[in-house]
Amino acid sequence: MKTLLVDDTRTEQLVTSTFLKALGHEVVIAGSGAQALQLFQQHQPDLVLLDIVMPEMDGYEVVRQLREQSQNWVPVIFLSGKAEPQDILYGIECGADDYLVKPINKIILDAKMQAMERISRMRKQLIQTQDQLSQANLILEKQVSLDGLTGIANRREFDLHLSRELKRSQRDKQPLVLLLCDIDWFKNYNDYYGHIAGDHCLGKVAQALDRLSLRPGDLACRYGGEEFAMILPNTNLDGGISKAKAILKCIQELAIEHKKSSYDLITISVGISFCEQCQNISPQQLTQISDEALYQAKGKGRNTFHHIEQSSL
Ligand SMILES: Nc1nc2c(ncn2[C@@H]2O[C@H](COP(=O)(O)OP(=O)(O)OP(=O)(O)O)[C@@H](O)[C@H]2O)c(=O)[nH]1
């Protein structure tokens, strides 16, 4: 173990460091409390052996400052000629983990070092496991909100986001647009090109929609099957219409061949719902309106958008 030995007496430094080296430990020596704090930062030792009685800054103060400064727990063992039970209790209360009475016995020093090393190792393992768990949790949290096929937000995330953003719009009396998008003649596409090609196509469309959701509150998600949604908070009807036009253009520009469509390309239809101040409307109602508008867009020949006026909302 890399050990920081703090003692103001040269002979004590020599005796203890000789013991430590004989036991196979690396030793860094500090001759004062101030130097101990500085060398602790510089060397990041695994253990500190700390004399108590020193001029200017005693061991109690050093251990207090070490505990304040360092996020990581490092075992500290006091070395002292003060052998009264009250001295030992006070030393532990100040933040030390163990106490050795001088003159130091090499075998007892060895035993204490081994015990501290074991605790330190277990603690490092615990921290490592905690880090791995946090990483795994982050990945899980992400996966829970993503659609497995396309990699964009899933239906669960759509429900949460719409509910959150609608509440925000209601509170701030701000507008919100919800677009529902559906790939045209996708059944024909699957039937003609196969289900795997269909999956690829869904992925490309999803990524294109994702790229089009530019602002921080915007969200593109897979609503289900070949249907996608885009939530656009703080957006008025003009903004929603221009976003729908951008979507139509962008999907056409993907230039995915679709011989069983009258456009010869993969195209999309978009239903728009919009609320001005978003009072008295639920996420379900807004979605229903978009769905109805989408149905109308399909009726208009597809590869187009439609919006339903809701002047009272
Ligand atoms: N490849 C693939 N196809 C899917 C997936 N989810 C839904 N579909 C298919 O999407 C097609 C949707 O067909 P319909 O609802 O009839 O709609 P459509 O053929 O696109 O016709 P319109 O919407 O009226 O233009 C069905 O064939 C579904 O099997 C998926 O994850 N992968």
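Residues numbered from 1 in each chain as written. Predicted model: local features only at pLDDT ≥ 70, side-chain atom pairs only at ≥ 80, totals over all residues. Heavy atoms only, no water.

An unreviewed UniProt entry lists the protein chain under the name diguanylate cyclase, with Alginatibacterium sediminis given as the organism. Its UniProt record gives the protein chain a comment under Catalytic activity (unreviewed entry), which states: "2 GTP = 3',3'-c-di-GMP + 2 diphosphate". Quoted verbatim from the Cofactor (unreviewed entry) field of the UniProt record, the comment on the protein chain reads "Mg(2+)". (UniProt positions renumbered as here; feature names shortened; annotations may be inferred.)

1. A closer look at the site of the ligand
Near the ligand you find 17 residues, and of these Trp 185, Phe 186, Lys 187, Asp 199 and Arg 222 are the closest. Separating an oxygen atom of the ligand from a side-chain N or O atom of Asp 182 is a distance of 2.9 Å. Arg 222 is positioned such that a nitrogen or oxygen atom in its side chain is 2.7 Å from an oxygen atom of the ligand. In isolation the ligand exposes 670 Å². Once the protein is present, 68% of that is buried. Only strand E6 (176-183), helix H7 (186-193) and helix H8 (195-212) provide two or more residues apiece to the shell around the ligand. (Near = heavy atom within 4 Å. Polar contact = N/O pair within 3.5 Å; in protein donor to acceptor, adjacent residues only side chain to side chain. Areas by Shrake-Rupley, 256 points an atom, 1.4 Å probe, with all protein chains shown as cover. Helix = DSSP H or I, 4+ residues; strand = E, 2+ residues; numbered from the N terminus.)

2. Notes on the nonpolar core
Residues Ile 247 and Val 270 are the most contacted members of the largest nonpolar core, which totals 32 residues. Elements supplying a minimum of two residues to this core: E6, H7, H8, strand E8 (227-233), helix H9 (237-253) and strand E9 (268-275). When residues no more than four places from it in sequence are discounted, the contact partners of Ile 247 are Leu 179, Cys 181, Leu 209, Leu 212, Met 230, Ile 268 and Val 270. (Core = buried A, V, L, I, M, F, W, Y, C linked by side-chain atoms within 4.5 Å. Buried < 20%, exposed > 50% of the residue type's maximum accessible area, 1.4 Å probe, protein only. Contact = heavy atoms within 4.5 Å.)

3. Description of the sheet that holds strand E3 (residues 47-51)
Spatially, five strands are ordered E2-E1-E3-E4-E5 in an open sheet, and the strand pairing comes out parallel. Each edge of the open sheet carries a strand with a single partner, namely strand E2 (26-30) and strand E5 (98-101). Averaged over all neighbouring strand pairs, the angle between strand axes comes to 20 degrees, with direction disregarded. Looking at chain direction, E3 and strand E4 (residues 76-80) are connected through four bridges and run parallel. Across the sheet, residue Asp 51 finds its bridge partner in E4, namely Leu 79. Helix H2 (residues 33-43) rests against strand E1 (2-6), E2 and E3 of the sheet, and its axis sits at about 145 degrees to E2. Helix H5 (residues 106-145) rests against E1, E3, E4 and E5 of the sheet, and its axis sits at about 170 degrees to E5. (Pairing = 2+ DSSP bridges. Axes fitted to C-alpha atoms, helices over the stretch in contact; angles between N-to-C directions.)

4. A word on unusual backbone geometry
Pro 103 follows Lys 102 through a cis peptide bond whose omega is -5 degrees. Looking at the secondary structure, you find Pro 103 in the loop between E5 and H5. Here Gln 44, not a glycine, exhibits a phi torsion of approximately 45 degrees, which is positive. Examined against the element boundaries, Gln 44 turns out to sit in the loop between H2 and E3. Taking the relative accessible area as the measure of exposure, Gln 44 reaches 48% and is therefore partly exposed. Positive phi, close to 55 degrees, is recorded for Asn 280, a residue that is not glycine. Assignment of secondary structure puts Asn 280 in the loop between E9 and helix H10 (283-299). By relative accessible area, Asn 280 is classed as exposed at 75%.

5. A look at the layout of surface pockets
By volume, the largest pocket amounts to about 200 Å³. In terms of lining, the largest pocket is formed by Gln 44, Pro 45, Asp 46, Ser 70, Asn 72, Trp 73, Val 74, Pro 75, Ser 120, Arg 123, Lys 124 and Ile 127. Class assignment of the residues belonging to the lining of the largest pocket gives a composition of five nonpolar, four polar and three charged. (1 Å grid on protein atoms, 1.4 Å probe; cavity = no way out; pocket = protein on both sides within 12 Å on 5 of 7 lines; lining within 4 Å. Points joined across faces, edges and corners; volume = space filled by probe spheres on them. Nonpolar A, V, L, I, M, F, W, Y, C, P; charged D, E, K, R; others polar.)

6. Points about the pattern of salt bridges
Scanning all chains against the criterion turns up 13 salt bridges. As a salt-bridge pair, Asp 97 and Arg 67 come within 2.8 Å of each other at their nearest N and O atoms. Placement of Asp 97 in the loop between helix H4 (85-93) and E5 and of Arg 67 in helix H3 (residues 59-69) is noted, with a sequence separation of 30 residues between them. Judged by its relative accessible area of 28%, Asp 97 falls in the partly exposed class. Members of the salt-bridge network, linked through shared partners, are Asp 7, Asp 51 and Lys 102. (Salt bridge = Lys/Arg side-chain N within 4 Å of Asp/Glu carboxyl O.)

7. Structural notes on the UniProt feature "modified residue: 4-aspartylphosphate" (unreviewed entry) in the protein chain
As recorded in UniProt, the sites labelled "modified residue: 4-aspartylphosphate" (unreviewed entry) are Asp 51. Note that Asp 51 resides in strand E3. In this structure Asp 51 touches Val 6, Asp 7, Asp 8, Gly 59, Leu 79 and Lys 102, once residues within four positions along its chain are discounted.

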